[in-house]
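# Examining the three-dimensional arrangement
Below, each chain spelled out in residue letters.
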Amino acid sequence: MTDAQPRVLVVGEALVDVVPDRDGNPQDLPGGSPANVAITLGRLGHDVHLVTVLGDDARGRLVRSWLEASRVTVLAQQPGSGRTSSAAVTLDESGAATYDFDLAWDLGEVPRQDCDVFHVGSIATVLAPGADVVLEAVRSHHGRALVSLDPNARPALTPDHPAAVARVEELVGLSGVVKVSDEDLEWLFPDVDPVATATRWATRGPGLVVVTRGGDGAVAVRPDGTTLEVPGVPVVVADTVGAGDTFSGVLIDTLLALGVSGPGGADALRALSDRDVLDVVTTAAIGAAVTVSRPGADPPDRAELTAALGGAGAREG
């Protein structure tokens, strides 16, 4: 592409998280893993489009206005049910979130448009009937854009475990960069060390696989088998809603700053030094820590990320 500013196309669910406030009363907060990634990129100043499904209802209008306030261009299709999807969120004593979904993913098509980075993940990649549309879109962008994947497993919505594993494996082979949590990998492959799975994945197409481990940091795995560990970022946890999605968004942002995008994105990613990769993953972890420090999916903007990076540098020094 010849545009000065790279374009990011995100495909996936946008919904309302029903989260208890401090008094235990439910409140509607916009969310959805791919939507959170789009928000992160929008707040960081990128040209980002989100292809999703939203109802023409109060919740749909809430989600749309939230996305547009962060400069995300929303390309929404109407759900067959007519209502916007939701997820009831339960927080444990540590702030970790679990979800009970009321969701349909009936995406009809992904509009044809050029992009430099194509990101997919979560429910959208495995829930029928829209998952097949997403897979075809990934196939069409493979080799034309840097494909980014975050499987973000949701076992409650994917009772057919073998089918979910097969779909994720196919998507990994089409992706340039994969971010996946250790919990995702433990569900997908319960008897295999998460880093061993990431190492196998890194030989099947991606130029980088990053395993996040919550407060314990992250491990980056390169195609040659090199593993690079990034420590956890000390933070007082409000909740973990949107933390992994912020990580994905900041990961993409930092790769774009290094010129990793477009048809040559996979080669550019492989050409990065180990130091570059460590910096990319560390920056993503710091961005996620900002989101963890405040309620709901509330990623940092550019000024907040820059301030957090400066603070982290001061602590390290």
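Presented here is a report on the structure given in the accompanying data block. (Residues numbered from 1 in each chain as written. Predicted model: local features only at pLDDT ≥ 70, side-chain atom pairs only at ≥ 80, totals over all residues. Heavy atoms only, no water.)

### With respect to the sheet that holds strand 4 (residues 47-53)
Where we set the bar: Two strands qualify as a pair provided that DSSP identifies no fewer than 2 bridges between them. Secondary structure elements are taken from DSSP: a helix is a run of H or I of four residues or more, a strand is a run of E of two residues or more, and numbering for both begins at the N terminus. All axes here are fitted lines through C-alpha atoms, helices being fitted over the stretch that makes contact, and every angle between N-to-C directions spans 0 to 180 degrees. Any two residues whose heavy atoms approach within 4.5 Å are treated as being in contact.
The 9 strands are arranged 5-4-1-8-9-10-11-12-13 in an open sheet whose pairing can be described as mixed. For this open sheet the edge positions go to strand 5 (72-77) and strand 13 (227-230), each flanked by a neighbour on one side alone. Pairs of neighbouring strands in the sheet enclose a mean axial angle of 15°, with direction left out of account. Inspection of the sheet shows strand 1 (residues 7-11) paired to strand 4 by 5 bridges, in the parallel sense. If you follow V8 over to strand 4, its bridge partner there is V48. Helix 1 (residues 33-43) rests against strand 1, strand 4, strand 5, strand 8 (117-121) and strand 9 (146-150) of the sheet, and its axis sits at about 160° to strand 4. Seen against the sheet, helix 2 (residues 58-69) touches strand 4 and strand 5 and runs at an angle of roughly 150° to strand 5.

### Some details on the pairing of strand 10 (residues 177-181)
Our working rule: Exposure categories follow from relative accessible area, calculated using a 1.4 Å probe and restricted to protein chains: below 20% of the type maximum is buried, above 50% is exposed, and the middle band is partly exposed. A crossover counts as right-handed when, viewed with the strands pointing away from the observer, the path leading from the first strand over the helix to the second turns clockwise.
Across the 5 residues of strand 10, 5 count as buried, placing the element largely inside the fold. Burial of strand 10 is two-sided: the residues V177, K179 and S181 facing one way and the residues V178 and V180 facing the other way are all buried. Summarising the sheet, strand 9 and strand 10 pair through 2 bridges and their orientation is parallel. From the neighbouring strand, L149 faces strand 10, where its bridge partner is V178. The β-α-β motif built from strand 9, the intervening helix 4 (residues 161-173) and the parallel element strand 10 has right-handed crossover chirality. Where strand 10 and strand 11 (residues 208-212) come together, 5 bridges link them in parallel fashion. Note on strand 11: the bridge partner recorded for K179 is V210.

### Details of the side chain of R43
Put simply, the test is: For this analysis, a polar contact is any N or O atom pair within 3.5 Å, provided that within protein one partner can donate a hydrogen and the other can accept it, and provided that sequence-adjacent residues contribute only side-chain to side-chain pairs.
Here R43 is to be found in helix 1. Within the local environment of R43, its side chain forms a polar contact with the backbone oxygen of P299, the two atoms lying 2.6 Å apart. Not counting chain neighbours up to four residues away, the residues in contact with R43 comprise W66, S70, R71, D298, P299, P300, D301 and R302.

### With respect to the packing of helix 3 (residues 130-141) against helix 4
Rules: Note on terminology: angles under 35 degrees are roughly parallel, angles over 145 are roughly antiparallel, angles of 65 to 115 are roughly perpendicular, and the others are oblique. Helix crossings fall into two classes, left-handed where the near helix is turned counterclockwise from the far one by less than a right angle and right-handed where it is turned clockwise. For this scheme, ten residues count as nonpolar: Ala, Val, Leu, Ile, Met, Phe, Trp, Tyr, Cys and Pro. Four count as charged, namely Asp, Glu, Lys and Arg, and the remainder, Gly too, count as polar.
Where helix 3 contacts helix 4, the two axes come as close as 10 Å, and the packing angle between them is 20°. For the element pair helix 3 / helix 4, the angle class is roughly parallel. In the packing of helix 3 onto helix 4, the handedness of the crossing is left-handed. Of the residues in helix 4, those in contact with A131, D132, L135, V138 and R139 of helix 3 are R167, E170 and L171. For the contact of helix 3 with helix 4, the per-class residue count stands at 4 nonpolar, no polar and 4 charged.

### Topic: the packing of aromatic side chains
Applicable threshold: Planes of paired rings set the category: under 30 degrees apart is stacked, over 60 is edge-to-face and the rest tilted, where pairs are Phe, Tyr or Trp rings (Trp by its six-membered ring) whose centres lie within 6.5 Å. Whether a charge lies above a ring is judged from NZ of Lys or CZ of Arg, which has to be within 6 Å of the ring centre and within 35 degrees of the ring normal.
Counted under the stated rule, the structure contains 1 aromatic pair. Look at F189 and W201: their rings are 6.3 Å apart centre to centre, the planes differ by 75°, and that puts the pair in the edge-to-face class. Taken as a pair, F189 in the loop between helix 5 (182-188) and helix 6 (194-201) and W201 in helix 6 lie far apart in primary sequence, 12 residues in all. Both residues of the pair, F189 and W201, belong to the buried class. Residue placement shows R200 over the ring face of F189; its charged tip is 5.3 Å from the ring centre.

### What about the nonpolar core?
This is how it is decided: As used in this record, nonpolar core signifies buried Ala, Val, Leu, Ile, Met, Phe, Trp, Tyr and Cys residues forming a set joined through side-chain atoms within 4.5 Å.
Among the nonpolar cores identified, the biggest contains 44 residues, and L50, L67, V210, F247, L251, L255 and V281 are the most heavily contacted of them. Contacts of L255, omitting those with residues within four sequence positions, involve V177, V260, L269, L272 and V280. Formed by 42 residues, the second largest nonpolar core is a distinct cluster that contains L15, V120, A145 and V172.

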